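Spelled out, the chains give:
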Amino acid sequence: MSKSTSSFKDLCLKTLKESGARLTKPRLALIDCLAAARVPLSPKEILQRTELSLDAQESIDTVTVYRILDRFCELGLVHQVAPNGDYIACTHLACSASPHIMTFCTSCQTASEIHVPEAVLAPMLWFLKDKNGFEPKEHLFQLDGTCTRCKEAP
Ligand SMILES: [Zn+2]
Ligand SMILES: [Zn+2]
Ligand SMILES: [Zn+2]
């Protein structure tokens, strides 16, 4: 767990630096907050959590949180999860090409990103493109269901 947390942070810092973004305290606080979360968080929850880790001079507000989240989304550092559009850290920052599926457990709200081999998705992408004339551009989509833990729960 701590390993994936630190690598999310490292990859975020690298991506932000490469994009020319300054590593401000609020940005760093948001990265830490998202790295620690296992369920998608709303901007309000993110604000509440990051406020605690910042002191008064570096106060953060809703507008700042939205702006940072927008930027992080553009850079692919976070994903929005339906139905609320809450935010979760990308756990596959190191992969570039292969498609990912976000699974969302409707019982415990846990979201996880699954790496799907190209060959597994190929028939579906072909079906969408050739039979429905739709070309998927985003590499990530979401499936709602029940996670293993919830399925095993009595
Ligand atoms: Zn991702
Ligand atoms: Zn679950
Ligand atoms: Zn991956």
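Residues numbered from 1 in each chain as written. Chains lettered and ligands numbered in written order. Predicted model: local features only at pLDDT ≥ 70, side-chain atom pairs only at ≥ 80, totals over all residues.

1. What about the overall build of the protein?
Piece 1. Helix and strand counts for the protein stand at six helices and five strands.
Piece 2. Ordered by position from the N terminus, the helices and strands of the protein form the series α-α-α-α-β-β-β-β-α-β-α.
Piece 3. With respect to the three principal axes, the spread of C-alpha positions in the protein is 55 × 45 × 30 Å.
Piece 4. Sorting the 154 residues of the protein into buried and exposed places 21% on the buried side.
Piece 5. The contacts of the protein with a sequence gap of at least 6 include a subset with a gap of at least 24, amounting to 53%. (Helix = DSSP H or I, 4+ residues; strand = E, 2+ residues; numbered from the N terminus. Buried ≥ 20, exposed ≤ 12 C-beta atoms within 10 Å, placed from the backbone. Contact = placed C-beta atoms within 7 Å.)

2. Thoughts on the packing of helix H3 (residues 43–53) against helix H4 (residues 62–74)
Piece 1. With their axes 10 Å apart at the nearest point, H3 and H4 run at an angle of 110° to one another. Taken together, H3 and H4 sit at an angle that is classed as roughly perpendicular. The interaxial crossing formed by H3 with H4 has right-handed handedness. Side by side, H3 and H4 meet where Pro43, Ile46 and Leu47 of the first sit next to Thr62, Val65, Tyr66 and Leu69 of the second.
Piece 2. For the contact of H3 with H4, a count of residues per class yields six nonpolar, one polar and no charged. (Axes fitted to C-alpha atoms, helices over the stretch in contact; angles between N-to-C directions. Parallel < 35°, antiparallel > 145°, perpendicular 65-115°, else oblique. Left-handed = near helix turned anticlockwise from the far one by under 90°. Nonpolar A, V, L, I, M, F, W, Y, C, P; charged D, E, K, R; others polar.)

3. With respect to the packing of helix H2 (residues 25–36) against H3
Piece 1. Two elements in contact, H2 and H3, have axes whose closest approach is 9 Å; the angle formed by their N-to-C orientations is 115°. Where H2 crosses over H3, the handedness of that crossing is right-handed. Of the residues in H3, those in contact with Pro26, Ala29, Leu30, Asp32 and Cys33 of H2 are Ile46, Arg49, Thr50 and Ser53.

4. A closer look at the pairing of strand E1 (residues 78–81)
Piece 1. The pairing of E1 with strand E2 (residues 86–89) spans four bridges and is antiparallel. In the sheet register, Val81 faces E2, and the bridge partner there is Asp86.
Piece 2. The turn linking E1 back onto E2 is made up of four residues, and Gly85 within it adopts a positive phi angle of 75°. (Pairing = 2+ DSSP bridges.)

5. Some remarks on the nonpolar core
Piece 1. Judged by nonpolar contacts, the single largest core of 24 residues is most densely connected at Leu30, Leu34, Ile46, Val78, Tyr87, Ile88 and Ala89.
Piece 2. With five residues, the top contributor of residues to this core is H2.
Piece 3. If near-sequence neighbours (up to four positions away) are discounted, Leu30 is found in contact with Ile46, Thr50 and Ile68. (Core = buried A, V, L, I, M, F, W, Y, C linked by C-beta atoms within 7 Å.)

6. A closer look at the sheet that holds strand E5 (residues 140–145)
Piece 1. Pairing is mixed in the open sheet, where three strands are placed in the order E4-E3-E5. Of all the strands in the sheet, just strand E4 (111–115) and E5 have a single pairing partner and so form its edges. Strand-to-strand, the axes of this sheet are offset by a mean angle of 25°, without reference to chain direction.

7. What about the confidence of the model for the protein?
Piece 1. When the pLDDT values of the protein are averaged, the result is 89; 95% of them are 70 or greater.
Piece 2. Per-residue pLDDT, averaged within each element of the protein, yields its smallest value for helix H1 (residues 2–18) (79) and its largest for E2 (96). (pLDDT = per-residue confidence, 0-100.)

8. Re H2
Piece 1. Between its terminal C-alpha atoms H2 stretches 17 Å, which fits the 16 Å expected from 12 residues at 1.5 Å a residue.
Piece 2. Within H2 the residues assigned to the buried category are Pro26, Arg27, Ala29, Leu30, Ile31, Cys33 and Leu34. (Expected span 1.5 Å × (residues − 1).)

9. Notes on the environment of Leu140
Piece 1. Structurally, Leu140 can be placed in strand E5.
Piece 2. Residues Leu140 and Pro99 lie 41 residues apart in sequence; the distance between their C-alpha atoms is 6.0 Å.
Piece 3. Setting aside anything within four residues of it in sequence, one finds Leu140 in contact with His79, His100, Ile101 and Met102.

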